[in-house]
Amino acid sequence: NSSELSPSFLLASIPGLEAAQCWVGIPLCSAYVLAVLANGAVLLVVRAEPGLHAPMYCFLCMLATIDLALATATVPRVLSFYWFGSREIGFGACLLQMFLIHSLSAVESAVLLAMAVDRYVAICHPLRHAAILTCGTTAKVGLLAVARGVLFFLPLPLLLLRLPFCGPRVLSHSFCLHQDVMNLACANTTPSVVYGLTAILLVMGLDAVLICLSYLLILKAVLRLAAWRERLKVFSTCVAHICVVLAFYVPLIGLSVVHRFGKDLAPLVHIIMGNVYILVPAVLNPIIYGVRTKQIRRRIL
(Lines give C-alpha, C1' and ligand atoms only; values in the text may rest on other atoms or scores of the structure.)
Protein backbone atom coordinates (compact mmCIF):
# COMPACT_ATOMS: atom_id res chain seq x y z
CA ASN A 1 0.00 0.00 0.00
CA SER A 2 1.00 3.67 -0.07
CA SER A 3 2.45 3.56 3.46
CA GLU A 4 4.85 0.82 2.37
CA LEU A 5 5.89 2.73 -0.78
CA SER A 6 6.51 5.95 1.13
CA PRO A 7 6.85 5.08 4.82
CA SER A 8 7.52 7.42 7.67
CA PHE A 9 9.68 6.77 10.72
CA LEU A 10 9.40 7.62 14.40
CA LEU A 11 12.41 9.23 16.08
CA ALA A 12 13.61 7.60 19.29
CA SER A 13 12.38 9.14 22.51
CA ILE A 14 14.44 9.10 25.70
CA PRO A 15 13.19 6.09 27.70
CA GLY A 16 11.73 7.09 31.05
CA LEU A 17 12.05 10.80 30.26
CA GLU A 18 9.33 11.24 27.63
CA ALA A 19 7.51 13.78 29.81
CA ALA A 20 10.72 15.75 30.48
CA GLN A 21 12.17 15.82 26.96
CA CYS A 22 11.57 19.57 26.73
CA TRP A 23 14.09 20.01 29.55
CA VAL A 24 16.55 17.63 27.91
CA GLY A 25 16.39 19.82 24.80
CA ILE A 26 17.81 22.80 26.71
CA PRO A 27 21.41 21.46 27.08
CA LEU A 28 21.20 20.09 23.55
CA CYS A 29 20.18 23.51 22.23
CA SER A 30 22.90 25.18 24.33
CA ALA A 31 25.55 22.88 22.84
CA TYR A 32 24.24 23.63 19.33
CA VAL A 33 24.31 27.40 19.92
CA LEU A 34 27.85 27.11 21.30
CA ALA A 35 28.91 25.13 18.22
CA VAL A 36 27.40 27.74 15.89
CA LEU A 37 29.00 30.67 17.74
CA ALA A 38 32.42 29.02 18.11
CA ASN A 39 32.67 27.80 14.51
CA GLY A 40 31.27 31.10 13.24
CA ALA A 41 33.90 32.99 15.25
CA VAL A 42 36.68 30.88 13.70
CA LEU A 43 35.37 31.60 10.20
CA LEU A 44 35.14 35.34 10.87
CA VAL A 45 38.60 35.53 12.47
CA VAL A 46 40.32 33.68 9.63
CA ARG A 47 38.55 35.83 7.05
CA ALA A 48 39.38 39.11 8.84
CA GLU A 49 43.03 38.32 9.63
CA PRO A 50 45.29 38.42 6.52
CA GLY A 51 48.04 36.58 8.39
CA LEU A 52 45.76 33.53 8.68
CA HIS A 53 45.21 33.15 4.93
CA ALA A 54 47.33 30.00 4.79
CA PRO A 55 46.50 26.36 3.90
CA MET A 56 46.34 25.24 7.55
CA TYR A 57 43.68 27.84 8.38
CA CYS A 58 41.83 27.22 5.11
CA PHE A 59 41.47 23.59 6.20
CA LEU A 60 40.32 24.82 9.61
CA CYS A 61 37.61 26.91 7.90
CA MET A 62 36.51 23.84 5.94
CA LEU A 63 36.31 21.91 9.21
CA ALA A 64 34.22 24.64 10.83
CA THR A 65 31.85 24.79 7.84
CA ILE A 66 31.37 21.01 7.86
CA ASP A 67 30.68 20.98 11.61
CA LEU A 68 28.10 23.75 11.19
CA ALA A 69 26.38 21.89 8.35
CA LEU A 70 26.42 18.54 10.18
CA ALA A 71 24.97 19.98 13.39
CA THR A 72 22.35 22.02 11.50
CA ALA A 73 21.24 18.95 9.54
CA THR A 74 20.32 17.12 12.74
CA VAL A 75 19.92 19.22 15.90
CA PRO A 76 17.01 21.52 14.82
CA ARG A 77 14.98 18.43 13.82
CA VAL A 78 15.75 16.75 17.16
CA LEU A 79 14.73 19.90 19.05
CA SER A 80 11.45 20.09 17.13
CA PHE A 81 10.72 16.58 18.47
CA TYR A 82 11.83 17.29 22.04
CA TRP A 83 10.03 20.65 22.30
CA PHE A 84 7.03 20.36 19.97
CA GLY A 85 6.41 16.61 19.86
CA SER A 86 7.09 16.32 16.11
CA ARG A 87 8.28 12.73 16.32
CA GLU A 88 7.39 11.51 12.82
CA ILE A 89 9.83 12.07 9.98
CA GLY A 90 9.01 11.37 6.34
CA PHE A 91 10.87 8.80 4.26
CA GLY A 92 12.40 11.37 1.90
CA ALA A 93 13.43 13.69 4.73
CA CYS A 94 14.97 10.75 6.59
CA LEU A 95 17.01 9.64 3.56
CA LEU A 96 18.19 13.21 2.94
CA GLN A 97 19.26 13.63 6.56
CA MET A 98 21.01 10.25 6.48
CA PHE A 99 22.88 11.18 3.28
CA LEU A 100 23.98 14.54 4.71
CA ILE A 101 25.26 12.97 7.94
CA HIS A 102 27.32 10.27 6.23
CA SER A 103 28.62 12.36 3.34
CA LEU A 104 29.59 15.31 5.57
CA SER A 105 31.36 12.91 7.95
CA ALA A 106 33.32 11.57 4.96
CA VAL A 107 34.26 15.12 3.92
CA GLU A 108 35.39 15.92 7.47
CA SER A 109 37.52 12.76 7.54
CA ALA A 110 39.19 13.84 4.28
CA VAL A 111 39.89 17.33 5.64
CA LEU A 112 41.46 15.84 8.78
CA LEU A 113 43.70 13.72 6.53
CA ALA A 114 44.65 16.82 4.52
CA MET A 115 45.53 18.64 7.76
CA ALA A 116 47.71 15.68 8.83
CA VAL A 117 49.54 15.85 5.48
CA ASP A 118 49.94 19.61 5.96
CA ARG A 119 51.59 18.99 9.35
CA TYR A 120 53.84 16.31 7.82
CA VAL A 121 55.04 18.57 4.99
CA ALA A 122 55.52 21.55 7.36
CA ILE A 123 57.68 19.49 9.74
CA CYS A 124 59.51 17.07 7.43
CA HIS A 125 59.86 19.29 4.34
CA PRO A 126 59.57 22.88 5.61
CA LEU A 127 61.39 24.45 2.65
CA ARG A 128 58.94 22.91 0.19
CA HIS A 129 55.80 23.53 2.25
CA ALA A 130 54.80 26.80 0.56
CA ALA A 131 55.36 25.31 -2.90
CA ILE A 132 53.46 22.07 -2.26
CA LEU A 133 50.46 23.40 -0.33
CA THR A 134 49.32 26.49 -2.18
CA CYS A 135 45.88 28.12 -1.99
CA GLY A 136 44.98 26.48 -5.30
CA THR A 137 45.99 23.05 -4.02
CA THR A 138 43.97 23.59 -0.84
CA ALA A 139 40.86 24.48 -2.87
CA LYS A 140 41.29 21.38 -5.05
CA VAL A 141 41.64 19.18 -1.96
CA GLY A 142 38.39 20.62 -0.58
CA LEU A 143 36.53 19.97 -3.85
CA LEU A 144 37.90 16.42 -4.05
CA ALA A 145 36.83 15.78 -0.45
CA VAL A 146 33.26 16.90 -1.23
CA ALA A 147 33.15 14.89 -4.47
CA ARG A 148 34.41 11.75 -2.73
CA GLY A 149 31.88 12.09 0.10
CA VAL A 150 28.98 12.51 -2.34
CA LEU A 151 30.04 9.71 -4.72
CA PHE A 152 30.70 7.14 -2.00
CA PHE A 153 27.59 7.77 0.10
CA LEU A 154 24.95 8.73 -2.49
CA PRO A 155 24.25 5.01 -3.18
CA LEU A 156 23.21 4.45 0.46
CA PRO A 157 19.79 6.17 0.22
CA LEU A 158 19.34 4.81 -3.33
CA LEU A 159 19.75 1.24 -2.04
CA LEU A 160 17.20 1.89 0.71
CA LEU A 161 14.65 3.22 -1.80
CA ARG A 162 14.05 -0.28 -3.16
CA LEU A 163 13.40 -1.86 0.26
CA PRO A 164 9.92 -2.32 1.77
CA PHE A 165 9.29 -1.17 5.37
CA CYS A 166 6.29 -3.10 6.65
CA GLY A 167 6.90 -3.43 10.39
CA PRO A 168 7.46 -1.07 13.33
CA ARG A 169 9.36 1.98 12.14
CA VAL A 170 10.84 3.28 15.39
CA LEU A 171 14.45 4.44 15.05
CA SER A 172 17.03 3.93 17.78
CA HIS A 173 18.33 7.51 17.44
CA SER A 174 16.78 10.96 17.32
CA PHE A 175 17.89 11.26 13.69
CA CYS A 176 18.39 8.97 10.68
CA LEU A 177 21.49 6.82 10.16
CA HIS A 178 21.97 4.24 7.43
CA GLN A 179 22.33 1.14 9.58
CA ASP A 180 19.46 2.23 11.81
CA VAL A 181 17.03 2.72 8.90
CA MET A 182 18.28 -0.39 7.10
CA ASN A 183 17.54 -2.61 10.13
CA LEU A 184 13.85 -1.63 9.90
CA ALA A 185 13.45 -3.07 6.39
CA CYS A 186 11.54 -6.33 5.95
CA ALA A 187 13.58 -7.64 3.00
CA ASN A 188 17.10 -8.80 2.17
CA THR A 189 19.50 -5.98 3.12
CA THR A 190 22.74 -7.72 2.11
CA PRO A 191 23.61 -5.24 -0.71
CA SER A 192 23.12 -2.30 1.68
CA VAL A 193 25.18 -4.00 4.40
CA VAL A 194 28.05 -4.85 2.05
CA TYR A 195 28.16 -1.45 0.37
CA GLY A 196 27.81 0.49 3.64
CA LEU A 197 30.68 -1.44 5.24
CA THR A 198 32.83 -1.09 2.10
CA ALA A 199 32.23 2.67 1.92
CA ILE A 200 33.11 3.16 5.59
CA LEU A 201 36.33 1.13 5.29
CA LEU A 202 37.45 2.79 2.03
CA VAL A 203 36.75 6.31 3.30
CA MET A 204 37.00 6.68 7.08
CA GLY A 205 39.07 3.53 7.57
CA LEU A 206 41.64 4.42 4.91
CA ASP A 207 41.81 8.02 6.13
CA ALA A 208 42.49 6.86 9.69
CA VAL A 209 45.33 4.59 8.50
CA LEU A 210 46.90 7.40 6.44
CA ILE A 211 46.63 9.85 9.36
CA CYS A 212 48.43 7.36 11.61
CA LEU A 213 51.08 6.87 8.92
CA SER A 214 51.59 10.65 8.68
CA TYR A 215 52.15 10.91 12.41
CA LEU A 216 54.54 7.97 12.42
CA LEU A 217 56.65 9.82 9.84
CA ILE A 218 56.35 13.04 11.87
CA LEU A 219 57.42 11.21 15.04
CA LYS A 220 60.37 9.70 13.20
CA ALA A 221 61.46 13.17 12.03
CA VAL A 222 60.98 14.68 15.51
CA LEU A 223 63.09 11.99 17.19
CA ARG A 224 66.00 12.91 14.93
CA LEU A 225 66.24 16.29 16.65
CA ALA A 226 68.96 16.42 19.28
CA ALA A 227 67.38 18.55 22.00
CA TRP A 228 64.24 17.57 23.88
CA ARG A 229 63.10 21.18 23.89
CA GLU A 230 63.20 21.27 20.10
CA ARG A 231 61.29 17.98 19.91
CA LEU A 232 58.53 19.25 22.19
CA LYS A 233 58.33 22.57 20.35
CA VAL A 234 57.94 20.90 16.95
CA PHE A 235 55.51 18.23 18.13
CA SER A 236 53.39 20.80 20.02
CA THR A 237 52.31 22.18 16.63
CA CYS A 238 50.45 18.88 16.11
CA VAL A 239 48.66 18.71 19.48
CA ALA A 240 45.54 20.59 18.34
CA HIS A 241 45.14 18.43 15.25
CA ILE A 242 45.62 15.20 17.23
CA CYS A 243 42.89 16.29 19.67
CA VAL A 244 40.54 17.12 16.79
CA VAL A 245 41.21 13.73 15.16
CA LEU A 246 40.40 11.96 18.44
CA ALA A 247 37.24 14.08 18.90
CA PHE A 248 36.05 12.88 15.48
CA TYR A 249 37.12 9.23 15.38
CA VAL A 250 36.43 8.16 18.98
CA PRO A 251 32.67 8.97 18.82
CA LEU A 252 32.54 7.48 15.29
CA ILE A 253 34.10 4.22 16.44
CA GLY A 254 31.95 4.20 19.59
CA LEU A 255 28.76 4.62 17.55
CA SER A 256 29.84 1.87 15.13
CA VAL A 257 30.55 -0.51 18.03
CA VAL A 258 27.17 0.26 19.60
CA HIS A 259 25.41 -0.50 16.30
CA ARG A 260 27.39 -3.69 15.72
CA PHE A 261 27.55 -5.21 19.20
CA GLY A 262 25.13 -3.17 21.31
CA LYS A 263 21.79 -4.70 20.37
CA ASP A 264 21.20 -5.65 24.01
CA LEU A 265 22.23 -2.25 25.38
CA ALA A 266 19.68 0.15 26.80
CA PRO A 267 18.08 2.49 24.21
CA LEU A 268 19.47 5.44 26.17
CA VAL A 269 23.03 4.38 25.22
CA HIS A 270 22.18 4.58 21.50
CA ILE A 271 20.63 8.04 21.89
CA ILE A 272 23.57 9.39 23.92
CA MET A 273 26.18 7.99 21.52
CA GLY A 274 24.33 9.45 18.54
CA ASN A 275 24.18 12.93 20.09
CA VAL A 276 27.84 12.72 21.11
CA TYR A 277 28.82 11.79 17.54
CA ILE A 278 26.97 14.78 16.10
CA LEU A 279 27.77 17.50 18.65
CA VAL A 280 31.11 16.75 20.35
CA PRO A 281 33.35 17.43 17.30
CA ALA A 282 31.33 20.54 16.37
CA VAL A 283 31.73 21.98 19.88
CA LEU A 284 35.30 20.88 20.63
CA ASN A 285 37.05 21.59 17.30
CA PRO A 286 36.86 25.42 17.38
CA ILE A 287 37.59 25.49 21.12
CA ILE A 288 40.70 23.32 20.68
CA TYR A 289 42.06 25.43 17.83
CA GLY A 290 41.03 28.65 19.57
CA VAL A 291 43.01 27.71 22.67
CA ARG A 292 46.04 26.28 20.85
CA THR A 293 46.42 28.94 18.12
CA LYS A 294 47.78 32.30 19.32
CA GLN A 295 46.57 34.28 16.32
CA ILE A 296 42.99 33.05 16.64
CA ARG A 297 42.96 33.46 20.42
CA ARG A 298 44.28 37.02 20.30
CA ARG A 299 41.89 38.04 17.53
CA ILE A 300 38.84 36.65 19.38
CA LEU A 301 39.89 38.37 22.61
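Rules used throughout
- Residues numbered from 1 in each chain as written.
- Predicted model: local features only at pLDDT ≥ 70, side-chain atom pairs only at ≥ 80, totals over all residues.
- Heavy atoms only, no water.
- UniProt positions renumbered as here; feature names shortened; annotations may be inferred.
- Helix = DSSP H or I, 4+ residues; strand = E, 2+ residues; numbered from the N terminus.
- Rg over C-alpha atoms; globule rule 2.2 N^0.38 Å.
- Buried < 20%, exposed > 50% of the residue type's maximum accessible area, 1.4 Å probe, protein only.
- Contact = heavy atoms within 4.5 Å.
- Lys, Arg positive; Asp, Glu negative; His and termini not counted.
- Charge placed at Lys NZ, Arg CZ, Asp CG, Glu CD.
- Salt bridge = Lys/Arg side-chain N within 4 Å of Asp/Glu carboxyl O.
- 1 Å grid on protein atoms, 1.4 Å probe; cavity = no way out; pocket = protein on both sides within 12 Å on 5 of 7 lines; lining within 4 Å.
- Points joined across faces, edges and corners; volume = space filled by probe spheres on them.
- Polar contact = N/O pair within 3.5 Å; in protein donor to acceptor, adjacent residues only side chain to side chain.
- Phe/Tyr/Trp six-rings, centres within 6.5 Å; stacked < 30°, edge-to-face > 60°.
- Lys NZ or Arg CZ within 6 Å of the ring centre and 35° of its normal.
- Axes fitted to C-alpha atoms, helices over the stretch in contact; angles between N-to-C directions.
- Parallel < 35°, antiparallel > 145°, perpendicular 65-115°, else oblique.
- Left-handed = near helix turned anticlockwise from the far one by under 90°.
- Nonpolar A, V, L, I, M, F, W, Y, C, P; charged D, E, K, R; others polar.
- Patch = residues over 30% accessible without salt bridge, like charges linked within 9 Å, V, L, I, M, F, W, Y side chains within 5 Å.
- Areas by Shrake-Rupley, 256 points an atom, 1.4 Å probe, with all protein chains shown as cover.

By the naming in an unreviewed UniProt entry, the protein is Olfactory receptor, taken from Certhia brachydactyla. Annotation of the protein in UniProt includes, under Sequence similarities (unreviewed entry), the sentence "Belongs to the G-protein coupled receptor 1 family."

### Focus: the overall build of the protein
Counting secondary structure elements, the protein contains 13 helices and 2 strands. Relative to a compact globule of 301 residues, whose C-alpha radius of gyration would be 19 Å, the protein shows 21 Å and is just as compact. With respect to the principal axes defined by its C-alpha atoms, the protein has extents near 70 × 40 × 35 Å. Scored against the burial criterion, the 301 residues of the protein give a buried share of 46%. Partitioning the intrachain contacts of the protein with sequence separation of at least 6 by distance along the chain shows that 80% fall at a separation of at least 24. Seen as two clouds, the 21 positive and the 11 negative side-chain charges of the protein have centres 13 Å apart.

### Concerning the pattern of salt bridges
Evaluated as defined, the whole model comprises 3 salt bridges. Residues Arg299 and Glu49 are paired through a salt bridge, measuring 3.2 Å at the closest nitrogen-oxygen approach. Note that Arg299 is positioned in helix H13 (residues 294-300) and Glu49 in the loop between helix H2 (21-48) and helix H3 (55-84), a separation of 250 residues in sequence. Given a relative accessible area of 44%, Arg299 falls into the partly exposed group. Given a relative accessible area of 26%, Glu49 falls into the partly exposed group. Between Asp118 and Arg119 there is a salt bridge; the shortest N-O distance is 3.1 Å.

### Re the layout of surface pockets
Of the volumes computed, that of the largest pocket is approximately 840 Å³. In terms of lining, the largest pocket is formed by 28 residues, of which the most central are Gln179, Gly196, Leu197, Ile200 and Ser256. Secondary-structure elements contributing two or more residues to the lining of the largest pocket are helix H8 (178-182), helix H9 (190-223) and helix H11 (239-261).

### Re the side chain of His241
Here His241 is to be found in helix H11. Looking at His241, its side chain comes within polar contact range of the main-chain oxygen of Leu112, at 2.9 Å. For His241, the residues in contact, after removing those within four places along its chain, are Leu112, Met115, Ala116, Tyr215 and Tyr289.

### Structural notes on the packing of aromatic side chains
This structure, assessed with the given rule, holds 5 aromatic pairs. Considering the side-chain rings of Phe81 and Tyr82, the 5.5 Å spacing of their centres and the 45° angle between planes classify their relative orientation as tilted. Grouping residues by exposure puts Phe81 and Tyr82 together as buried. Relative to Tyr249, the ring of Phe248 has its centre 4.9 Å away and its plane inclined at 85°; by these criteria the two rings are edge-to-face. Of the two residues, Phe248 and Tyr249, both sit in the buried class. An aromatic cluster of three or more residues is present, and its members are Phe9, Phe91 and Phe165. The ring of Trp228 carries the charged tip of Arg231 above its face, separated from the ring centre by 4.7 Å.

### Things to note about the packing of helix H4 (residues 91-124) against helix H12 (residues 267-292)
Running from N to C, H4 and H12 cross one another at 30°; their axes reach a closest spacing of 12 Å. Taken together, the axis directions place H4 and H12 in an arrangement best described as roughly parallel. Crossing of H4 over H12 shows left-handed handedness. When H4 is examined against H12, the residues Ile101, Ser105, Glu108 and Met115 are found in contact with a partner set consisting of Tyr277, Ile278, Pro281, Asn285 and Tyr289. Taken together, the residues of the contact of H4 with H12 break down into 6 nonpolar, 2 polar and 1 charged.

### What about a nonpolar patch on the surface?
Where nonpolar side chains cluster on the molecular surface, the patch consists of Val146, Val150, Leu154, Leu158 and Leu161 and spans about 410 Å² of accessible area. When residues of the nonpolar patch are traced back to their parent elements, those giving at least two are helix H6 (135-153) and helix H7 (155-161). Positionally, Val150 belongs in helix H6.

### Focus: the UniProt feature "transmembrane region" (unreviewed entry) in the protein
Per the UniProt record, "transmembrane region" (unreviewed entry) is annotated on residues 23-45, 57-83, 89-117, 129-154, 193-218, 239-262 and 268-291. Here residues 129-154 is 88% helix and 0% strand, with 35 Å between the C-alpha atoms at its ends. Annotation note: span residues 268-291, helix share 100%, strand share 0%, distance between end C-alpha atoms 33 Å.

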